[in-house]
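Spelled out, the chains give:
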Amino acid sequence: MSTRDHFNKDTKLPIDVKLFFIINQSTIGKDWVVFKKTLLADNTPLFSILVGIVFFAFCYDDNRKNAAQIFKKHFPHVNFSEPTLADILRFFLQLLWLSTVQSNRTKNKIINLDFIYLALTFIKLSLLLPLEKISISTDRMLNKVEISNMSLSNKFESQIYLLFAGLLAIICFSVPFTTSAQVTFSLLLLFVAFLAYSTPGKLPRLVLITLSVTISSRYLWWRYNSTLNIDNSLDVFFGVILIFAETYAWIVLLLGFFQIVWPLERKPLALPEDTSVWPSVDIFIPTYNEPLEIVKTTLLAALDIDWPKNKINVFVLDDGNRPEFKIFANEVGAGYITRDNNNHAKAGNINHALTITQGDYIAIFDCDHVPVRSFLQITMGSFLADIKLALVQTPHHFYSPDPFERNIGNFKRTPNENNLFYSVVQDGNDLWNASFFCGSCSILKRDPLLEVGGIATETVTEDAHTALRLHRKGYSSAYLNIIQASGLATESLSAHVGQRIRWARGMAQIFRIDNPLLGKGLSISQRLCYTNAMIHFLGGIPRLIFLLAPLGFLLFHSYLIYAPAIEILLYAAPTLIHANIANSYIQGRYRYSFWAEIYETVLAWYIARPTTVALINPKIGKFNVTAKGGLIEKDYFDLSISKPYLTLIVLNIIGIVLAVYRYFFGPDDEQLTVILNFAWTAYNLILLGGAISVAQETKQLRTNQRIEANTEIIIKNNSGHLFCATLRDFSSAGVGLYINDETKLEKNEIIHILIPRGDKEFLFPVRITHENKNYIGAIFEKLTIQQQLEFTQCTYSRSDAWSLWNQNFAKDKPLSSLISILKVSFHGYLILLRMLPQFITKPFLLLSSFISYIKTLLPKNIIDNTLEYKDA
Amino acid sequence: MRILCVQGIHSSVGSTTVVANASRILKELGHDVLVFDLNPNNLLRLHFNMDWQNPSGWASNISHEKPWFSAAFECEQGVRFIPFGQINYKKLQSLLINSIAETWLPDQLNLLNLSNDSWVIINISSELNELSTQALKSSDIIIRVIEPQINSLSQLIDSIQSSYIYEDVSLINKSFYLINKLEPTSLLDYDVALILKKLLLNKIIPVTIHFDENIKEALANKTTVTIHAPKSPAAIEFRALAIWLINHFNR
Amino acid sequence: MKYEKNDVNELYESINVDANFYVEIKENEYLTKIKNKWLLINEIVSFVNENPSNYNNNRTA
């Protein structure tokens with residue numbers, strides 16, 4: 001109904017509109033109708049209409065038309081149509097907020113803070129700009145130098161430098177400071193770190209790493225030399241345990257810095273123009289118990305890889321010996337390999353296939369990792385350029401949320417756990433020629449692989465072990481950080497934990513039976529990279545120690561760190577701050593601050609035992625397959641997996657209670673120590689709350705994960721009419737479409753959708769299963785094999801399908817990251833509270849709903865997008 | 001004055017529809033557009049809601065010895081157009097022989113004295129005659145409309161090989177090809193379209209018009225699809241074509 | 001110059017590498033398939049290959 005209709009039927013005019021006509025202001029009357037329609041509901045009480053008229057009357061002539069929009073935009077949380085008293089409060093608070101803090105958005109300013117802001121910006125820029133210049137010019141200089149060759153080219157000279165630097169470092173670590181000197185030292189270093197943190201480039205990166213290494217080594221030196229109380233046996237007992245965990249953390253920190261000091265960021269190399277000289281490649285898709293539906297897409301995509309037809313052979317390696325797999329493989333023209341035993345699981349499966357096929361190179365994809373069509377042309381160039389190259393690895397990417405992402409609900413908003421390893425660590429390893437095999441999305445050269453006896457079968461992480469053996473034989477590896485395949489993440493937290501237990505056990509096994517620090521053939525840097533990859537998984541016990549350490553004092557009144565509290569603070573705080581700053585700078589877009597702590601806390605208990613066992617006896621333990629693509633039918637709390645966290649929470653809460661007791665009833669000179677331990681316990685509780693939050697399994701109803709998309713497509717209905725739509729999501733079973741038109745489609749109607757890829761288009765019949773306003777869901781209507789292949793081509797195996805996925809993450813902001821951790825943790829405790837008896841939970845739940853009510857009253861930041869709007 | 005000439009590779013490929021839609025969109029984008037129908041079938045006018053019974057047009061005016069530009073019309077959307085006019089075969093022959101001099105078209109266009117940034121879109125028949133050759137020669141850009149069908153492909157190769165259009169090198173340079181009436185359910189159509197794209201490479205306009213019931217319905221309503229179904233893929237594709245044209249001249 | 005931006009071009013652009021290295025193998029295979037499938041297309045395309053002419057000469061080329 002347009003406004004014009006309103007005025008033609010004079011009899012039906014509402015009273016308030018008539019008013020404007022009576023005072024002979026029909027244009028204002030029209031604007032008022034629009035205003036009312038946008039902002040207020042139909043059955044608005046007279047009172048709020050009056051309020052509306054008052055607001056409306058205050059608008060200037062030229063603003064009147066958009067008045068409703070402006071109100072809606074600036075008061076998003078105020079309900080104008082049925083206002084309550086709280087809405088009035090919200091309105092005025094927001095008005096106050098807009099006119100003061102957000103005053104630059106509105107015209108009338110009450111307080112002008114611009115000059116302070118300008119002065120601060122001026123100081124910041126005058127400090128940072130010269131640094132930026134220096135950083136850029138060093139970058140340019142450093143880019144000319146081949147870092148990896150530097151130490152080899154002039155051995156003697158570099159050794160002198162190393163010696164000199166080492167001596168300086170030892171002086172730095174060991175010189176004792178008075179308290180005031182330590183304060184000055186810490187503040188100075190923090191200031192430098194702040195400047196470096198705000199400057200982009202490789203030099204600031206090195207500066208931050210150096211600072212963090214210096215300060216943490218100083219801390220450890222201090223810990224060993226002056227904080228162990230040998231006189232008290234209890235203190236020694238707890239003290240040694242803690243210092244062990246701290247030493248472990250220090251080693252991992254240092255090795256981690258070493259590993260990612262300079263990510264190589266390799267680019268793909270071109271293949272020769274003549275395709276007849278391209279080598280032959282076998283593609284292996286090992287499977288054991290996964291459903292055909294999952295393997296199908298991978299197989300079709302593998303067959304669609306752009307590589308000369310006579311030089312590529314795709315094989316399904318079915319360890320489940322299932323006839324339907326054989327039929328499907330034959331139908332699409334892929335090879336099918338099975339065997340009469342399942343010895344050594346995936347590794348044995350691949351080794352068996354190696355004896356049957358002949359390709360020069362072997363590309364391996366887990367059965368749910370769908371490759372894109374450019375996979376081989378992107379990766380194979382490196383092999384032809386370097387004869388010693390035996391392995392090219394590409395990232396593992398997941399199009400479905402992992403249990404952390406799904407249960408916390410931050411999919412695509414926060415970089416996931418995987419991201420750090422594949423975006424930073426592997427690229428860092430690559431510099432030291434130590435990037436290793438991850439079991440899938442990678443290519444191995446046949447001859448070197450056979451030379452080391454195929455895929456290693458002695459451990460449960462056959463991939464890393466195989467790479468280690470290749471490196472020992474003097475072969476090199478490469479890592480290309482370009483997502484060229486995508487798969488399913490583990491379906492539940494317990495499956496995820498199971499997978500990590502396997503990795504942890506396997507890495508511990510390798511560390512024990514084929515220790516990278518010992519044996520022949522590796523360079524020092526390779527040894528260090530491998531060692532870090534392995535001892536990283538030994539972090540379970542140290543993490544548990546940190547989670548329990550404050551109890552040593554709070555429960556047993558033992559001085560774990562035998563030093564005055566103020567001194568502990570002065571040594572420990574800078575160490576933590578510098579490590580966090582450096583990691584935030586390096587890991588930036590790939591791992592947000594504090595998230596690593598949550599991930600480690602979740603795994604700590606579960607990997608602690610298997611790694612210890614594997615270190616003692618590497619032969620114990622079996623291989624478990626990671627289940628994928630399953631359903632979680634309803635939300636539930638995984639109680640069995642969270643038992644260790646619950647125990648730790650109870651212990652830490654006892655710690656909190658004791659801390660309060662000791663603060664008020666203990667000796668006065670202990671108060672600062674109590675506060676320190678209280679803070680530590682509180683932090684531990686935050687981490688544990690996060691772990692609880694992850695254990696709340698969110699339901700997942702589709703077997704086929706829907707993947708978000710945004711492609712313009714065309715729909716053809718039965719009458720022959722075409723209309724435009726947007727492909728919003730897809731899976732191998734169906735699609736979700738957004739219709740831009742007001743065209744109506746009936747449920748169960750069969751239509752055709754036309755999806756473009758480059759200068760081609762593909763047509764698919766779909767049946768509409770549900771519709772909701774402009775969104776329709778549809779499932780495929782009996783696709784032929786050819787159509788399934790085509791659908792894969794224009795969705796999963798588009799070469800750019802995933803390449804931009806990880807580039808959307810903003811740079812890490814440690815503070816906002818801390819806030820999101822706090823929220824996650826708070827949510828975790830809410831989950832726990834709901835499970836307690838009602839008389840306990842009621843006050844807490846009331847408190848929580850009170851807090852969220854207060855939150856609705858608070859003013860909101862209005863993001864001004866008028867500029868964007870104008871451009872569009 | 002930007003002169004665009006649209007010619008079908010053979011009859012019934014939809015070149016008149018392309019002219020009507022392109023002109024409407026250009027007008028919609030704020031350009032000054034004059035459409036000149038040099039196709040004796042006199043169908044263009046129907047896209048602009050002209051009375052079916054109205055026989056007037058430039059050719060019939062000339063044969064009745066009236067000034068031809070008195071047959072200029074303007075549609076509701078502001079596109080000015082000059083229909084061919086209803087005229088029988090005999091009169092057409094004598095008109096072509098007696099009244100159309102060798103530089104008739106460029107002379108008439110000069111007489112119109114249009115501004116530099118206004119568009120003249122000329123609709124010509126797929127066959128070559130005195131009118132269409134003059135139009136091809138005096139235009140700044142030629143769009144040759146092809147259907148992704150075997151007969152179009154055959155005709156295209158013939159026309160290129162026999163140099164029917166290409167004896168003049170300047171014609172080669174200013175010719176571009178537009179694929180029209182691509183039937184989404186036809187695999188063969190896609191195959192031919194792919195062959196055409198591989199053959200013509202950058203001579204092909206990167207917009208393909210799909211075969212759409214809406215286009216037929218538009219003519220049945222005496223209008224263009226841009227007005228009949230403005231959100232339909234065809235309307236959007238014609239819009240893309242118009243933008244390609246504008247960019248072509250701005251290059 | 002490509003007819004349109006396709007997925008490969010987009011990928012190579014996102015990693016700052018020249019996309020001309022890419023060989024559209026599946027597409028070329030498909031073109032052969034078209035020729036084998038339709039008799040007249042085969043005849044016409046073979047003729048074109050034997051008699052190269054100015055099919056795609058362009059002033060911008």
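Keep in mind the model is a prediction, meaning the values are calculated, not measured.

Things to note about the overall build of chain A
Turning to step 1, where the next piece is worked out: Tallying secondary structure elements over chain A gives 32 helices and 17 strands in all.
Turning to step 2, where the next piece is worked out: Within chain A, the fraction of its 872 residues that count as buried is 40%.

Observations concerning the overall build of chain B
Turning to step 1, where the next piece is worked out: Helices and strands together make up the secondary structure of chain B, namely 12 helices and eight strands.
Turning to step 2, where the next piece is worked out: Relative to its length of 251 residues, chain B is compact, with a C-alpha radius of gyration of 17 Å against a globular reference of 18 Å.
Turning to step 3, where the next piece is worked out: For chain B, the spread of C-alpha atoms along the principal axes amounts to about 50 × 40 × 35 Å.
Turning to step 4, where the next piece is worked out: Counting over 251 residues, chain B shows a buried share of 48%.
Turning to step 5, where the next piece is worked out: Considering only contacts in chain B between residues 6 or more positions apart, those separated by 24 or more positions represent 76%.

A few points about the sheet that holds strand β2 (residues 312-318) of chain A
Residue and element names in this part refer to chain A.
Turning to step 1, where the next piece is worked out: With mixed pairing, seven strands are arranged side by side in an open sheet as β3-β2-β1-β4-β7-β6-β8. Pairing within the sheet leaves two strands with one partner each, and these edge strands are β3 (335-337) and β8 (476-479). When strand polarity is set aside, the average angle formed by the axes of neighbouring strands in this sheet is 25°.
Turning to step 2, where the next piece is worked out: When strand β6 (residues 389-393) meets β8, the two strands line up parallel, connected through four bridges. What sits directly across from V392, in β8, is A478.
Turning to step 3, where the next piece is worked out: Each of β1 (281-287) and β2 is contacted by helix α14 (residues 292-303), which is oriented at about 180° to β1, the strand it contacts most.

Here we look at helix α16 (residues 345-354) of chain A
Residues and elements named next belong to chain A.
Turning to step 1, where the next piece is worked out: Burial runs high along α16: eight of the 10 residues are buried.
Turning to step 2, where the next piece is worked out: All of the buried residues along α16 are K346, A347, G348, N349, I350, N351, H352 and A353.
Turning to step 3, where the next piece is worked out: On its buried face, α16 sits against β1, β2, β3, β4 (361-364) and α21 (462-472).

Brief notes about the interface of chain A and chain C
Turning to step 1, where the next piece is worked out: Contacts between the two partners involve 22 residues from chain A, matched on the other side by 17 residues from chain C.
Turning to step 2, where the next piece is worked out: Here the residues of the side of chain A that touches chain C sort into seven nonpolar, six polar and nine charged.

Re the sheet that holds strand β8 (residues 204-210) of chain B
Hydrogen bonds between backbone atoms are what pair the strands of a sheet, whose relative direction is either parallel or antiparallel.
Residue and element names in this part refer to chain B.
Turning to step 1, where the next piece is worked out: Spatially, β3-β4-β2-β5-β1-β6-β7-β8 is the arrangement adopted by the eight strands of the open sheet, whose pairing is mixed. Across the chains shown, the open sheet's two edge strands, defined by having one partner strand only, are β3 (73-74) and β8.
Turning to step 2, where the next piece is worked out: One ladder, built from six bridges, connects strand β1 (residues 2-8) with strand β5 (residues 119-124); its direction is parallel. Across the sheet, the residue bridging to Q7 is I124, located in β5.
Turning to step 3, where the next piece is worked out: Contacts from helix α9 (residues 187-200) reach β6 (141-146), β7 (175-182) and β8 within the one sheet, and its direction differs from that of β7 by about 170°.

Comments concerning the interface of chain B and chain A
Turning to step 1, where the next piece is worked out: The partner chain A presents 16 residues to the 14 residues of chain B that form the contact.
Turning to step 2, where the next piece is worked out: Only α9, α10 (213-220) and α12 (233-250) of chain B provide two or more residues apiece to the side of chain B that touches chain A.
Turning to step 3, where the next piece is worked out: Here the residues of the side of chain B that touches chain A sort into six nonpolar, four polar and four charged.

Re the nonpolar core
Turning to step 1, where the next piece is worked out: Ranked by size, the top nonpolar core spans 154 residues in total, and within it A:I283, A:I285 and A:M507 carry the most contacts.
Turning to step 2, where the next piece is worked out: When residues in this core are grouped by element, the largest group, 11 residues, is from helix α28 (residues 671-695) of chain A.
Turning to step 3, where the next piece is worked out: Contact partners of A:I283, with chain neighbours within four places excluded, come to A:A302, A:I312, A:N313, A:V314, A:F315, A:A363 and A:F365.
Turning to step 4, where the next piece is worked out: Counting residues in each nonpolar core, the second largest holds 92 residues, with B:C5, B:A20, B:A59 and B:I209 among its members.

A look at the pairing of β5(B)
Residues and elements named next belong to chain B.
Turning to step 1, where the next piece is worked out: β5 sits mainly inside the fold: six of its six residues count as buried.
Turning to step 2, where the next piece is worked out: Every second residue of β5 is oriented toward a common face, with W119, I121 and N123 on one face and V120, I122 and I124 on the other, all of them buried.
Turning to step 3, where the next piece is worked out: Bridge count for strand β2 (residues 33-37) against β5 is five bridges, and the pairing is parallel. Residue D37 lies in a different strand from β5, and its bridge partner there is N123.

Let's talk about the packing of helix α27 (residues 639-665) of chain A against α28(A)
All names here are of chain A.
Turning to step 1, where the next piece is worked out: Where α27 contacts α28, the axes come no closer than 9 Å and their chain directions differ by 155°. As judged from the angle between their axes, α27 and α28 are roughly antiparallel. The chirality of how α27 crosses α28 is left-handed. Of the residues in α28, those touching α27 at I641, S642, Y645, L648, I649, N652, G655, I656, A659, R662 and Y663 are Q671, V674, N677, F678, T681, N684, L685, L688, A691, I692 and A695.
Turning to step 2, where the next piece is worked out: Looking at the contact of α27 with α28, its residues break down into 14 nonpolar, seven polar and one charged.

Describing the confidence of the model for chain A
All names here are of chain A.
Turning to step 1, where the next piece is worked out: Summary statistics for chain A give a mean pLDDT of 84 and a share of 86% for residues scoring 70 or more.
Turning to step 2, where the next piece is worked out: The spread of mean pLDDT over the elements of chain A runs between helix α32 (residues 866-871), the lowest at 36, and β4, the highest at 97.
Turning to step 3, where the next piece is worked out: Of the regions scoring below 50 in pLDDT, residues 1-11 engages in five contacts with residues more than four places distant in sequence or in other chains.
Turning to step 4, where the next piece is worked out: Confidence drops under a pLDDT of 50 for residues 105-111, and excluding neighbours within four residues, the segment shows 11 contacts in the predicted structure.

Overview of the environment of A:G359
Residue and element names in this part refer to chain A.
Turning to step 1, where the next piece is worked out: Relative to the helices and strands, G359 resides in the loop between α16 and β4.
Turning to step 2, where the next piece is worked out: For the pair formed by G359 and S719, sequence separation is 360 residues and the distance between their alpha carbons is 51 Å.
Turning to step 3, where the next piece is worked out: Other than its neighbours up to four places away in sequence, G359 contacts S280, V281, D282, N313 and R446.

Details of unusual backbone geometry
Turning to step 1, where the next piece is worked out: Even without being a glycine, A:E265 presents a positive backbone phi close to 50°.
Turning to step 2, where the next piece is worked out: Take A:E265: it is sitting in the loop between α13 (233-259) and β1.
Turning to step 3, where the next piece is worked out: Positive phi, close to 60°, is recorded for B:K181, a residue that is not glycine.
Turning to step 4, where the next piece is worked out: Take B:K181: it is sitting in strand β7.

Examining the packing of α14(A) against helix α29 (residues 785-794) of chain A
All names here are of chain A.
Turning to step 1, where the next piece is worked out: In the contact formed by α14 and α29, the axes pass within 9 Å of each other and the chain directions differ by 80°. Classed by the angle they form, the pair α14 and α29 counts as roughly perpendicular. Of α29, the residues touching α14 (which contributes T297, L300 and A301) are Q788, L789 and T792.
Turning to step 2, where the next piece is worked out: Residue composition of the contact of α14 with α29, grouped by class: three nonpolar, three polar and no charged.

Structural notes on the pairing of β6(A)
On a regular strand, one side chain projects to one face of the sheet and the next to the other, so that they alternate.
All names here are of chain A.
Turning to step 1, where the next piece is worked out: Counting buried residues in β6 gives four out of five residues, a clear majority hidden from the surface.
Turning to step 2, where the next piece is worked out: Bridging between β6 and strand β7 (residues 442-445) involves three bridges; their strand directions are antiparallel. By the bridge assignment, L391 is partnered in β7 with L444.

With respect to the environment of A:G335
Turning to step 1, where the next piece is worked out: Its place among the elements puts A:G335 in strand β3.
Turning to step 2, where the next piece is worked out: Sequence separation of A:G335 and A:F80 is 255 residues, and the distance between their C-alpha atoms is 66 Å.

A short note on the confidence of the model for chain B
All names here are of chain B.
Turning to step 1, where the next piece is worked out: Put simply, chain B has an average pLDDT of 90, and 98% of its residues get 70 or more.
Turning to step 2, where the next piece is worked out: Averaged pLDDT values for the elements of chain B fall to 80 in helix α8 (residues 169-174) and rise to 95 in helix α1 (residues 15-28).
Turning to step 3, where the next piece is worked out: Scoring of the predicted complex yields 0.83 for pTM and 0.90 for ipTM.

With respect to the environment of A:I116
Turning to step 1, where the next piece is worked out: Within the secondary structure layout, A:I116 lies in helix α8 (residues 114-144).
Turning to step 2, where the next piece is worked out: For the pair formed by A:I116 and A:Q526, sequence separation is 410 residues and the distance between their alpha carbons is 52 Å.

Calculation criteria
- Residues numbered from 1 in each chain as written.
- Chains lettered and ligands numbered in written order.
- Predicted model: local features only at pLDDT ≥ 70, side-chain atom pairs only at ≥ 80, totals over all residues.
- Helix = DSSP H or I, 4+ residues; strand = E, 2+ residues; numbered from the N terminus.
- Buried ≥ 20, exposed ≤ 12 C-beta atoms within 10 Å, placed from the backbone.
- Rg over C-alpha atoms; globule rule 2.2 N^0.38 Å.
- Contact = placed C-beta atoms within 7 Å.
- Pairing = 2+ DSSP bridges.
- Axes fitted to C-alpha atoms, helices over the stretch in contact; angles between N-to-C directions.
- Nonpolar A, V, L, I, M, F, W, Y, C, P; charged D, E, K, R; others polar.
- Core = buried A, V, L, I, M, F, W, Y, C linked by C-beta atoms within 7 Å.
- Parallel < 35°, antiparallel > 145°, perpendicular 65-115°, else oblique.
- Left-handed = near helix turned anticlockwise from the far one by under 90°.
- pLDDT = per-residue confidence, 0-100.

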